[in-house]
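Spelled out, the chains give:
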Amino acid sequence: MSAPGPDGEGADPTTYSPDWLALREPADAAARASDLADAAAAALGAAVRAGRRPAGTPVVVHDLGCGSGSMGRWLAPLLPGPQHWVLHDRDPALLALAASRPGIAPGGATVTVEPRRGVLGALTARDLAGADLVTASALLDVLTAGEVEAVVAAVAGAGCPALVTLSVLGRVDLVPPDPLDVVVEAAFNAHQRRPVAGRTLLGPAAVEVAAAAFDRHGYDVRVRPSPWRLGGADGGLAAAWFDGWAGAAAEHSPGVAPAEYLDRRAAAARAGTLHVTVHHADLLARPRGERGRPPARIDG
């Protein structure tokens with residue numbers, strides 16, 4: 001990422017700066033829906049007990065759009081070990097960074113990593129062959145409907161579950177509120193859905209599109225809220241987020257908010273007196289025969 005935009009992303013929504021990823025990593029970890037991670041871990045353990053996976057072999061996780069590897073650092077301690085993480089990203093520098101800082105499995109079990117550079121829109125089931133779990137974080141909303149369908153089809157072809165976290169929903173709450181907040185939010189959401197190099201991004205519609213695609217491919221889907229809640233000691237992240245949020249809105253609708261509003265709200269964010277809730281959602285999709293659960297539903 002260059003300067004933060006979307007929920008931190010810059011003008012190119014698939015390019016991320018290590019500094020921004022490091023700044024947001026603690027908030028990401030605090031926000032993700034741990035019950036979905038626990039359910040994914042339980043499914044992996046059940047597969048071993050049922051003899052569908054040989055005991056003692058590494059759990060194979062494919063992390064799509066891995067960035068700096070924060071998903072692995074959060075999730076590896078929650079999954080059974082040993083583990084092998086296949087890291088997918090288009091940015092070789094981020095791939096190298098992610099590979100240098102893998103997650104830690106329970107009990108010090110071995111965690112190995114395998115970087116793979118590529119474009120997610122070209123992903124196939126063959127690329128995910130042997131996966132026990134596919135993960136992604138802060139990804140769906142910067143994809144197109146066709147790219148989400150391709151990813152879902154690849155996961156379904158591999159026959160494994162998917163845990164996808166921190167997709168933006170287009171809703172933010174700022175306290176204390178200001179009447180201009182809703183104006184900036186609307187412009188920001190329009191920016192999220194903009195065409196980029198011939199690609200029309202899904203933005204806040206991404207979770208519903210992905211859930212419907214998984215349902216069509218025979219998956220049960222759970223969706224949980226995973227909001228950032230920033231304020232006080234999170235002033236640095238809140239300020240960076242606000243700059244990106246307002247900047248993206250202004251890029252789409254120049255003059256959407258006066259300089260006085262922008263300066264005042266940014267200063268409050270830096271001081272920790274502006275409390276920010278950025279609404280995201282996490283999604284766990286599992287092949288429908290894996291558990292006796294009804295078809296796709298969205299909770300919370």
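In the block above lies the structure referred to throughout.
Read on for an overview of the structure. Note that the coordinates shown come from a computational prediction; the quantities given were computed from them, not determined experimentally.

Glancing now at empty space enclosed by the protein. According to the stated counting rule, one finds four cavities of 30 Å³ or more in the structure shown. Quantified by volume, the largest cavity comes out at close to 90 Å³. Leu64, Ala136, Leu140, Val151 and Val164 are, among the 14 residues lining the largest cavity, the residues nearest its centre. For the lining of the largest cavity, the elements supplying multiple residues, two or more each, are strand S4 (133-137), helix H5 (145-158) and strand S5 (162-175).

Within the structure shown, the criterion is met by eleven salt bridges. Notably, a salt bridge pairs Arg24 with Asp28, separated by 2.8 Å at the nearest N-O pair. Remark: Asp28 and Arg24 occur in helix H1 (residues 18-31); sequence separation between them is four residues, near one turn of the helix. For the pair Arg24 and Asp28, one class covers both residues: buried. Arg288 serves as the salt-bridge partner of Asp215, at 2.4 Å between the closest nitrogen and oxygen.

As a further point, take helix H4 (residues 92-100). Among the residues of H4, those classed as buried are Leu94, Leu95 and Ala98. The arc enclosing the buried residues of H4, seen along the axis, measures out at 105°, which places them on a common side. The exposed residues of H4 that point more than 90 degrees off its buried face are Ala93 and Ser100. Lining the buried residues of H4 we find H1, strand S2 (83-89) and strand S3 (111-117). Two or three places before Ala93, at the start of H4, stands the capping residue Asp91, its side-chain oxygen 2.9 Å from that residue's backbone nitrogen.

Attention now goes to the nonpolar core. Among the nonpolar cores identified, the biggest contains 65 residues, and Leu64, Val155, Phe214, Trp228, Trp241, Trp245 and Leu283 are the most heavily contacted of them. Sorting elements by how many residues they give to this core places helix H8 (residues 235-252) first, with ten residues. Once residues lying within four places of it in the same chain are set aside, the contact partners of Leu64 are His88, Leu120, Leu123, Leu128, Val134, Thr135, Ala136, Ser137, Leu139 and Val151. One finds Ala37, Val59, Ala76 and Leu284 within the second-largest nonpolar core, a separate group that totals 24 residues.

Turning our eyes to something else, we now look at H1. Across its 14 residues, H1 extends 20 Å between first and last C-alpha, which sits within 8% of the 20 Å expected from 1.5 Å per residue. The largest bend in H1 is about 40°, located at Glu25, with the proline Pro26 one to four residues further on.

The next subject is the packing of aromatic side chains. Here the structure, examined in full by the defined rule, presents six aromatic pairs. Taking the centre distance of 5.9 Å and the plane angle of 50° together, the rings of Phe242 and Trp245 count as tilted. Taken together, the residues Phe242 and Trp245, both in helix H8 and three residues apart, mark about one turn of the helix. Of the two residues examined, Phe242 and Trp245, each falls in the buried class. Considering the side-chain rings of Phe242 and Tyr261, the 6.2 Å spacing of their centres and the 55° angle between planes classify their relative orientation as tilted. With Phe242 in helix H8 and Tyr261 in helix H9 (residues 259-271), the pair connects residues that are 19 residues apart, well separated along the chain. By relative accessible area, Phe242 is classed as buried at 1%. Take Tyr261: its relative accessible area is 0%, and that puts it in the buried class. A network of ring pairs unites the aromatic residues Trp241, Phe242, Trp245 and Tyr261 as a single cluster.

This part is about the pairing of S5. Among the 14 residues in S5, ten count as buried, and that is most of the element. Across four bridges, the pairing between S4 and S5 is parallel. Its bridge partner lying in S5, Ser137 is registered against Thr165. The pairing of S5 with strand S10 (residues 275-287) spans nine bridges and is antiparallel. Pairing of Ala162 across the sheet is with Ala285, part of S10.

Scoring rules and cut-offs
Residues numbered from 1 in each chain as written. Predicted model: local features only at pLDDT ≥ 70, side-chain atom pairs only at ≥ 80, totals over all residues. Heavy atoms only, no water. 1 Å grid on protein atoms, 1.4 Å probe; cavity = no way out; pocket = protein on both sides within 12 Å on 5 of 7 lines; lining within 4 Å. Points joined across faces, edges and corners; volume = space filled by probe spheres on them. Helix = DSSP H or I, 4+ residues; strand = E, 2+ residues; numbered from the N terminus. Salt bridge = Lys/Arg side-chain N within 4 Å of Asp/Glu carboxyl O. Buried < 20%, exposed > 50% of the residue type's maximum accessible area, 1.4 Å probe, protein only. Arc of directions from axis to C-beta. Contact = heavy atoms within 4.5 Å. Polar contact = N/O pair within 3.5 Å; in protein donor to acceptor, adjacent residues only side chain to side chain. Core = buried A, V, L, I, M, F, W, Y, C linked by side-chain atoms within 4.5 Å. Expected span 1.5 Å × (residues − 1). Bend = angle between axes of the 7 residues up to and from the residue. Phe/Tyr/Trp six-rings, centres within 6.5 Å; stacked < 30°, edge-to-face > 60°. Pairing = 2+ DSSP bridges.

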